[in-house]
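Commentary on secondary and tertiary structure
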Amino acid sequence: MFFSLLFKEIRFHLLTFRFAAALITTLTLVLLSMWVLGDDYIRRRNTYNLSVETTARQIEEVYVPSQISPTLHRPPSALSIFAQGEDRRFGNTLQVRRWEVPRRAEGSFTDNMLMAAMPALDLYTIFAVVLSLFGILFTYDAVCGERENGTLKLQCSGGASRGAIFAAKFFGALACLAIPILFSLLGGFLLLTFFFSLTFTAEQWLAVSAMVGAGLIYCALFIAVGLACSALVRRSSVALILALLVWTLAVLVLPSASKSAADVLHPLPSPAEVSNFEKVSEREVVEQASEFAKEYPGYNSGWWTSNFGLPGNGDFLKYDGREEWFRHAIAYVRFIEPVMQGRADRIWDVYGRHDKEMENQASAFGLLAMLSPTIHLREAFTGLANTDYNDYYRFVDSARRFRRQMIDEFARKGFFSDKALAFFTRRKPAEILQAEWEKRYEYYRQRLEAGATYDDIIGPQFWGPLSPEQMPRFTPAIDHPDFELGVNHSCVLGAVLAIVFAAGVVAFLRYDVR
Amino acid sequence: MDGLRDAKFLFLALLVLLAFIANGVVFRENNRLEKEDHRTAITETNRLMQGVCGNLQSAAIFLQRMIRPPSSLAFIAEGGGNMMPNAVVINAFSRWGIEYQQRNNEKIPVLPPIDWSFIVGVMMTLLAVLVSYNAVAGEKKDGTLKLVLSNPVSKLKLFVGKYLGLLVTMLICLLTGVVLNLVVMVMMGGPQLTAETLWPVAWALMLAFLCISAFLLAGIAVSSMTRSPAVALVVLLVLWVLAVFAVPGIGRLAAEQLVKVPSQAMVEEEIYRAQEEIWENRPRDAANWNGNPFEPHVPQRAKLSWDQISARERISDSYIDSQIRQVLAAKQISAVSPYGLLGDSFEVLAGTGVYGFEQLHRNSIAYRRHLYQFVVNRDKSDPDTPHLVYGYYSSADPGVFSQRPVPFAAIPKPTALWKETGLSIEREWPLWQLLVMLGFNLLAGVVALISLLRYDPR
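Residues numbered from 1 in each chain as written. Chains lettered and ligands numbered in written order. Predicted model: local features only at pLDDT ≥ 70, side-chain atom pairs only at ≥ 80, totals over all residues. Heavy atoms only, no water.

Moving on: the overall build of chain A. From N to C terminus, chain A includes 17 helices and 2 strands. Taking 514 residues into account, the globule formula puts the C-alpha radius of gyration at 24 Å, and chain A, at 32 Å, lies well above it. Taken along the three principal axes of its C-alpha coordinates, chain A extends 110 × 50 × 35 Å. By residue count, 55% of the 514 residues in chain A fall in the buried class. By sequence separation, contacts in chain A at least 24 residues apart represent 84% of the contacts at least 6 residues apart. Put simply, chain A shows about 21,700 Å² of open surface, and 62% of that area lies on carbon and sulfur atoms. (Helix = DSSP H or I, 4+ residues; strand = E, 2+ residues; numbered from the N terminus. Rg over C-alpha atoms; globule rule 2.2 N^0.38 Å. Buried < 20%, exposed > 50% of the residue type's maximum accessible area, 1.4 Å probe, protein only. Contact = heavy atoms within 4.5 Å. Areas by Shrake-Rupley, 256 points an atom, 1.4 Å probe, with all protein chains shown as cover.)

Let's shift gears to the pattern of salt bridges. Residue and element names in this part refer to chain A. Applying the stated criterion to the full structure yields 43 salt bridges over all chains. Arginine 401 is the partner of aspartate 397 in a salt bridge, and the nearest nitrogen-oxygen pair spans 3.5 Å. Here the residue aspartate 397 and the residue arginine 401 both occupy positions in helix H13 (residues 389-412), the gap between them amounting to 4 residues, near one helical turn. (Salt bridge = Lys/Arg side-chain N within 4 Å of Asp/Glu carboxyl O.)

So, about empty space enclosed by the protein. Inspection of the entire model under this criterion finds 5 cavities of 30 Å³ or more. In this structure, the largest cavity encloses a volume near 130 Å³. Lining the largest cavity are 15 residues, and of these Asn276 and Lys279 of chain A together with Ala41, Thr45 and Arg65 of chain B sit closest to its centre. At the level of elements, helix H9 (272-295) of chain A together with helix H2 (7-51) and strand E1 (64-67) of chain B are the ones that each hand at least two residues to the lining of the largest cavity. Looking at which element gives the most residues to the lining of the largest cavity, the answer is H2 of chain B, with 5 residues. Each residue belonging to the lining of the largest cavity can be placed in one class, and the counts come to 6 nonpolar, 6 polar and 3 charged. (1 Å grid on protein atoms, 1.4 Å probe; cavity = no way out; pocket = protein on both sides within 12 Å on 5 of 7 lines; lining within 4 Å. Points joined across faces, edges and corners; volume = space filled by probe spheres on them. Nonpolar A, V, L, I, M, F, W, Y, C, P; charged D, E, K, R; others polar.)

What follows concerns the interface of chain A and chain B. Each partner contributes to the interface: chain A provides 86 residues, whereas chain B provides 78 residues. When the two sides are added together, the surface that chain A and chain B hide from each other amounts to roughly 7,300 Å², 66% of it contributed by carbon and sulfur. Its largest share of buried area at the contact with chain B, chain A owes to Arg89, Leu114 and Ile241 of chain A, together 10% of the area lost on that side. Summed over the shared surface of chain A and chain B, the result is 4 salt bridges. The salt bridge involving aspartate 355 of chain A is made with lysine 107 of chain B; its shortest N-O contact spans 3.4 Å. Linking chain A with chain B are 11 residue pairs in polar contact (both at pLDDT 80 or more), by the criterion used here. Elements represented by at least two residues in the side of chain A that touches chain B include exactly helix H2 (17-59), helix H3 (123-139), helix H8 (236-265), H9, helix H11 (323-369), helix H12 (373-385) and H13 of chain A. (Buried area = accessible area lost by both parts, 1.4 Å probe. Polar contact = N/O pair within 3.5 Å; in protein donor to acceptor, adjacent residues only side chain to side chain.)

Grouped together as the largest cluster of nonpolar side chains are 178 residues, with contacts concentrated most on Phe82, Phe134 and Trp247 of chain A together with Trp240 and Phe346 of chain B. Per element, the largest residue contribution to this core is 17 residues, and it comes from helix H7 (residues 202-232) of chain A. Among all residues touching tryptophan 247 of chain A, those that are not within four sequence positions of it are Ala128, Val129, Ser132, Leu133, Ile136, Phe222 and Leu252 of chain A together with Leu126 and Trp240 of chain B. Membership of the second largest hydrophobic core comes to 46 residues, among which are Ala59, Ile90, Ile320 and Val400 of chain B. (Core = buried A, V, L, I, M, F, W, Y, C linked by side-chain atoms within 4.5 Å.)

Of note, asparagine 386 of chain A is a non-glycine position whose phi angle comes to about 60°, a positive value. With respect to the helices and strands, the residue asparagine 386 of chain A is situated in the loop between H12 and H13.

Residue and element names in this part refer to chain A. Following both chains from N to C, one finds H2 and helix H6 (residues 162-195) inclined at 25°, their axes separated by 9 Å at the closest point. Comparing the axis directions of H2 and H6 gives the class roughly parallel. In terms of crossing hand, the pair formed by H2 and H6 is right-handed. When grouped by side-chain class, the residues that make up the contact of H2 with H6 number 18 nonpolar, 5 polar and no charged. (Axes fitted to C-alpha atoms, helices over the stretch in contact; angles between N-to-C directions. Parallel < 35°, antiparallel > 145°, perpendicular 65-115°, else oblique. Left-handed = near helix turned anticlockwise from the far one by under 90°.)

The next thing to look at is the environment of proline 338 of chain B. Residues and elements named next belong to chain B. By secondary structure assignment, the location of proline 338 is in helix H12 (residues 338-350). Residue proline 338 is classed as buried on the basis of its relative accessible area of 13%. Taking C-alpha positions, proline 338 is 8.1 Å from glycine 121, a pair spaced 217 residues apart along the chain. Once residues lying within four places of it in the same chain are set aside, the contact partners of proline 338 are Cys211, Phe215, Met437 and Phe440.

Residues and elements named next belong to chain B. Checked against the element boundaries, leucine 164 lands in helix H7 (residues 155-187). By relative accessible area, leucine 164 is classed as partly exposed at 43%. For the pair formed by leucine 164 and serine 213, sequence separation is 49 residues and the distance between their alpha carbons is 9.3 Å.

Among the surface-exposed residues, Leu27, Leu31 and Phe183 of chain A lie close enough to one another that they form a single nonpolar patch of about 250 Å² accessible area. On the secondary structure map, leucine 27 of chain A appears in helix H2. (Patch = residues over 30% accessible without salt bridge, like charges linked within 9 Å, V, L, I, M, F, W, Y side chains within 5 Å.)

To continue, consider the packing of aromatic side chains. The final tally for this structure, using the stated rule, is 40 aromatic pairs over all chains. Centroid distance phenylalanine 415 of chain A to phenylalanine 423 of chain A: 5.5 Å. Interplanar angle 35°. Geometry classified as tilted. Classification of phenylalanine 423 of chain A as buried rests on a relative accessible area of 1%. Ring geometry for phenylalanine 75 of chain B versus tryptophan 116 of chain B: centroids 5.4 Å apart, planes at 70°, classification edge-to-face. You can see phenylalanine 75 of chain B sitting in the loop between E1 and strand E2 (87-90) and its partner tryptophan 116 of chain B sitting in helix H4 (residues 116-132), a full 41 residues away along the chain. Comparing phenylalanine 75 of chain B with tryptophan 116 of chain B shows no difference in burial state: the two are buried. Put simply, the rings of Phe2, Phe3, Phe166, Phe170, Phe171, Phe501 and Phe508 of chain A pair up and form one aromatic cluster. The ring of tyrosine 351 of chain A carries the charged tip of arginine 103 of chain A above its face, separated from the ring centre by 5.1 Å. The ring of tryptophan 279 of chain B has arginine 282 of chain B sitting right over it, with the charged end atom 4.1 Å from the ring centre. (Phe/Tyr/Trp six-rings, centres within 6.5 Å; stacked < 30°, edge-to-face > 60°. Lys NZ or Arg CZ within 6 Å of the ring centre and 35° of its normal.)

Take the side chain of glutamine 64 of chain B next. All names here are of chain B. Of note, glutamine 64 is situated in strand E1. Polar contacts involving the side chain of glutamine 64 include one to the side chain of tyrosine 367, which spans 2.8 Å. Ignoring anything within four residues of it in the chain, the contact list for glutamine 64 reads Thr45, Met49, Val88, Val89, Ile90, Tyr367, Leu371 and Pro414.

What follows concerns the side chain of threonine 385 of chain B. Residue and element names in this part refer to chain B. Relative to the elements of secondary structure, threonine 385 occurs in the loop between helix H13 (353-380) and helix H14 (431-453). Here the side chain of threonine 385 touches aspartate 379 through a polar contact of 3.0 Å, side chain to side chain. Those residues in contact with threonine 385 that sit more than four places away from it in its chain are Phe294, Asp379, Gly399, Val400, Phe401 and Ser402.

Another point: the sheet that holds E1 of chain B. Residues and elements named next belong to chain B. With antiparallel pairing, the 3 strands of this open sheet are ordered in space as E1-E2-E3. The sheet is open, and its two edges are formed by E1 and strand E3 (95-99), each paired on a single side. With strand direction ignored, the average angle separating the axes of adjacent strands in the sheet is 25°. Here E2 pairs with E3 via 4 bridges, running antiparallel. If you follow valine 88 over to E3, its bridge partner there is isoleucine 98. (Pairing = 2+ DSSP bridges.)

To continue, consider the packing of H12 of chain B against H14 of chain B. The angle between the axes and the distance between the axes are what describe a pair of packed helices. All names here are of chain B. Where H12 contacts H14, the axes come no closer than 10 Å and their chain directions differ by 155°. One finds that H12 runs roughly antiparallel with respect to H14. Here the hand of the crossing between H12 and H14 comes out left-handed. Here Pro338, Leu341, Leu342, Asp344, Ser345 and Val348 of H12 lie close against H14, whose contacting residues are Trp432, Gln433, Val436, Met437 and Phe440. Partitioned by chemical class, the residues of the contact of H12 with H14 number 8 nonpolar, 2 polar and 1 charged.

Turning next to H12 of chain A. Residue and element names in this part refer to chain A. Given a rise of 1.5 Å per residue, 13 residues ought to cover 18 Å, and the 18 Å separating the end C-alpha atoms of H12 matches this to within 8%. Across the 13 residues that make up H12, a large majority, 12, are buried. For H12, the complete set of buried residues consists of Pro373, Thr374, Ile375, His376, Leu377, Arg378, Ala380, Phe381, Thr382, Gly383, Leu384 and Ala385. Looking at the buried residues of H12, the elements they touch are H3, H7, H8, H11, H13 and helix H17 (483-509). (Expected span 1.5 Å × (residues − 1).)

Low pLDDT means the predicted atomic positions in that stretch should not be read closely. Residues and elements named next belong to chain B. Residue-level pLDDT values for chain B average 86, and 93% of them are 70 or greater. For the stretch residues 420-425, pLDDT sits under 50, and the model shows 17 contacts to residues farther than four places along the chain or on other chains. Predicted complex metrics record ipTM = 0.86 and pTM = 0.88. (pLDDT = per-residue confidence, 0-100.)

Quick look at the structure:
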């Protein structure tokens, strides 16, 4: 009996204008979104590959360990085609520096950070807004509309129980809403496969399936909302308003209101606190450096920092000098490295307090937004697509750990202590002695008089780049779709669906069909 | 009157009014914090600048943050708020980078703020759809349409009556919401209600009225094209979803296809190559610095520095301009929808979003030139320098220009570029947006009238 009711409902929906509207709208939007986002992903992937190649070439210009300042890149997620999430908002490139604890990625493969605030039409948005609205439209008059037409009492006078009738209406609407979704996705995948030649791994296919599953549960929830509203009132126009009120609150208002409420309840500290501390600590370092320079005459901050102090700077290699200069430089490295690394750690501690406040505010937001099914759907989609904040955080966190490993490795090699010479030059200890310098100086003088430049004589080609074994290795974490997050949020949606469905059934059982 | 008494209208209208009140409370609180941050930043910058006034050279290379003051009209349109850069690192020689100096929580997803753009553009337009979808088809279904037309009432009068009735209903809701919003903000110590504030508010009201009117006319038009209110509702909701969600989303994606912007990595690579080329082709001694600013090769060194800075600025500015052009293209494409048009015009009025950033960018260029000219003029009065005013990111070769003290009060400040109220120095008015919105109304009105005239009430 249930199945005959179910097929009847399906046949009914298939012949309605709203089904045709849902099919055309969904197909158009999904194909459009996948076409544009597929192209966008390919461009971002190409930019990533170019950046990785550029970085690899830049490694060939590293001659001494003090120049090592690796640039790390986070590849774009292929599944961002389905859920943009936060992927475009955050940077994808991060340079690891000894004197700064990485806080956020800097560069971006997304060409225009100014666009981050503009909405993007992706599969998540289509599910969250368009399909949920169609779910309401499919069912807002399923009960009260039939009562107005007079067909409800006929249906109830048949042999089927009210529960079976309600379930048939629910599953019938769900099946009919699933048809446009599946057709559109099929078209989208054909487009991605044959037009863009994109392929997905088995894990990615599973993630996409999980997204679609979460989306269907979400749509089912709004179908249940439509049915429940329909079973609560006697007029379809009132049921529509009630259902749309719920939809407006859940989809549009609650997420934004939660964010606004979190802003007011848990305001963040001013970012000036961190930048002011950076300035204050910088002045302290300058004062300490001035004290240091009193012992080492000839100090000139520009000359010191351009020749010895800054990572990634090989200018010293273009210069040679007296033994005294090398001794000064060794002392400077042994002084400045612990000071600047300590400063970086203290700035990180100050920032850490801000990070904690951001965490508190995010928790407040999460608590308030829990009531919105749209946020649960978003968490599921972005977690599965690797486009949520967690993936970005893992990238930055791995950069922090890499920096720590790099510094520890340098410390182990003695670069900040007894082997400081090897940190900034490839000259051996015997070569920096004054007598050796004077021999070289005579040679340079003759070459310069003959018309050569410093670069010709002692340019970078003199030593060649560092060997790969001397370069610290960064092993990027492979981003896997967060199935646990996807399943958790889908379960929450499923639980809410069960509650709303049960409420709808109860309302229908008590409904006066006359 | 029936509209106002209708329970379903009242439910949704109440939601709209609550949203206006919430907007007032949230905006006021956020604006207070933003202004506090801005004042703190200026105070700190001034304090640090006073510390370097003992030496013109130090004052010239001093890196300050030029921070855009928060807009007092951001309650109209937040425009991306803390997603937009609001600070430029600047000294007399160049603008060295743009920054985000807002209280931004990257752990919370980007969601549309509840500003007027959202309340009017999303909530009230949905309300307009819901009150108008059965304006004609519903009456036909109830059988009351032919009763009305059986009286000596022309279809034209019927159309005007329906339209004005619905419009006044929505206008009452809108005006009530706006008044509550302004009252809440003023009671919380919000923006002063001066001509400078009220003119943009009046413009925003006018645009909001036109946007809602366009949706009402569309509702009447669609309702006059079908016999079934259910069909009219589906069509209108699809149109609403397309106008509010699909078109702005497509606008962004289309702009990214049509207006290409290089990636940041490509821009950095281009800057690197340009500067490297200048460096490789430098005059022989241009890179040398022996501590004597009067050496004959120092002017070449000055030229080398300026050439490299100019190359970097040229490429960076081109990049920023292309980014702005792309965003503006996205907005123009989204203006196909009344909601996109409304959002864009609200941002113009509030001076937020890309318009606020554009102004910061222009003002930073003007300020940098002004500051540089000040340094040049001060240096002229010092006979002990070669008058070569050049520098780098945070240093300058000692003695190439004056190192005499300079009074703090004489140094140009970026705050002089903005008025005390924090409003943008150049008020722009969304004229073409207004015309297009009028066009939407005209088009929807003509279609609605023709549909109703051709409608068979039997």
